Amino acid sequence: MPALFRRPGYAYLPDMPASTSLLREISACRLCEQRFASTATGHSPRPVAWFRPGARILVVGQAPGMRVHLAGRPFADRSGNRLRDWMGVSDAEFYDRSRIAIVPMAFCFPGYDAKGADLPPPPICARTWRERVMAELQPQLTLLVGGHAQRWHLGAAARGGVTQTVADWRAHGPHIFPLPHPSWRNTGWLRRNPWFQADLLPELRAAVAALLREADDPAG
Ligand code: SF4
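All of these numbers come straight from a predicted model, not from anything done at the bench.

A. How the structure looks around the UniProt feature "domain: Uracil-DNA glycosylase-like" (unreviewed entry) in the chain. What UniProt calls "domain: Uracil-DNA glycosylase-like" (unreviewed entry) maps, in this numbering, to residues 48-205. Structurally, residues 48-205 is divided into 44% helix and 10% strand, and its ends, taken at the C-alpha atoms, are 25 Å apart.

Printed below as a string of structure tokens:
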């Protein structure tokens, strides 16, 4: 097991000066210490908070996986490669916090269940932090990645499940795009739902590109 998993009280701060006291508070959060200590990995909380007020695009994920936990960087994994492809952005654009905020439903890796899949995001994280984080952001485009994000942000409109919610993407637009999780486990889902790549992704890429262009040239 990597030493980082066992490092007690490890606090991750992004490689930038914390722009807000909220970011510092989240980075120091240890609310789930006991919960994570009792998982198979026995890891310590390592919040990965990646946002700055002013970002025009918001990506709402589920919770960091183990790779992200170790890297301290959101979507630093194969899911991230697929998500960046869906959005049509480079790594540099994706990780530019002045343009794209990445705020998962829980900031820490939750551990694994008995089958080796990631546990769901601990609800205490959204209860504790989410309203405050959202109050600091004013995104013009929000990507809701997976069911947890869709249920929190869309409420009753996401009750039909991920496939139905994503299929209804036009009803949520033009400022919200519900997406399936870009995990490679969902490759079969992508094959069964070809409309996602044929219809939704071109619209998503166009919306992302337009906002990035505006950020580059606000007067344009
Ligand atoms: S998951 Fe959220 S509430 Fe739990 S320790 Fe991490 S930041 Fe705190």
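B. Structural view of the site of the ligand. Around the ligand sit Cys-29, Leu-31, Cys-32, Pro-45, Pro-47, Phe-107, Cys-108, Cys-125 and Trp-129, and those are all the residues in its vicinity. For the ligand, the cavity whose grid points lie within 2 Å of the majority of its atoms is the largest cavity.

C. View of unusual backbone geometry. The peptide bond linking Gly-173 to Pro-174 adopts the cis configuration, its omega dihedral lying at 5 degrees. Topologically, Pro-174 is positioned in the loop between helix H10 (169-172) and strand E4 (176-179).

D. Here's a closer look at empty space enclosed by the protein. If you walk through the whole model with that rule in mind, you get two cavities of 30 Å³ or more. Computed from the structure, the largest cavity encloses a volume of approximately 110 Å³. Surrounding the largest cavity, 16 residues form its lining, Cys-29, Cys-32, Cys-108, Cys-125 and Trp-129 being those nearest its centre. At four residues, the largest contribution of residues to the lining of the largest cavity is made by helix H7 (residues 123-136).

E. Region of interest: the nonpolar core. Among the nonpolar cores identified, the biggest contains 28 residues, and Ile-57, Val-59, Met-87, Leu-179, Phe-196, Leu-200 and Leu-204 are the most heavily contacted of them. Those elements that provide at least two residues to this core are strand E1 (57-60), helix H5 (78-87), strand E2 (100-102), strand E3 (141-145), E4, helix H11 (187-192) and helix H12 (195-216). Among the nonpolar cores identified, the runner-up in size contains 25 residues, and Leu-22, Leu-58, Ala-101 and Phe-107 belong to it.

Basis of the calculations
- Residues numbered from 1 in each chain as written.
- Predicted model: local features only at pLDDT ≥ 70, side-chain atom pairs only at ≥ 80, totals over all residues.
- Heavy atoms only, no water.
- UniProt positions renumbered as here; feature names shortened; annotations may be inferred.
- Helix = DSSP H or I, 4+ residues; strand = E, 2+ residues; numbered from the N terminus.
- Near = heavy atom within 4 Å.
- 1 Å grid on protein atoms, 1.4 Å probe; cavity = no way out; pocket = protein on both sides within 12 Å on 5 of 7 lines; lining within 4 Å.
- Sits in = over half its atoms within 2 Å of the grid points.
- Points joined across faces, edges and corners; volume = space filled by probe spheres on them.
- Core = buried A, V, L, I, M, F, W, Y, C linked by side-chain atoms within 4.5 Å.
- Buried < 20%, exposed > 50% of the residue type's maximum accessible area, 1.4 Å probe, protein only.

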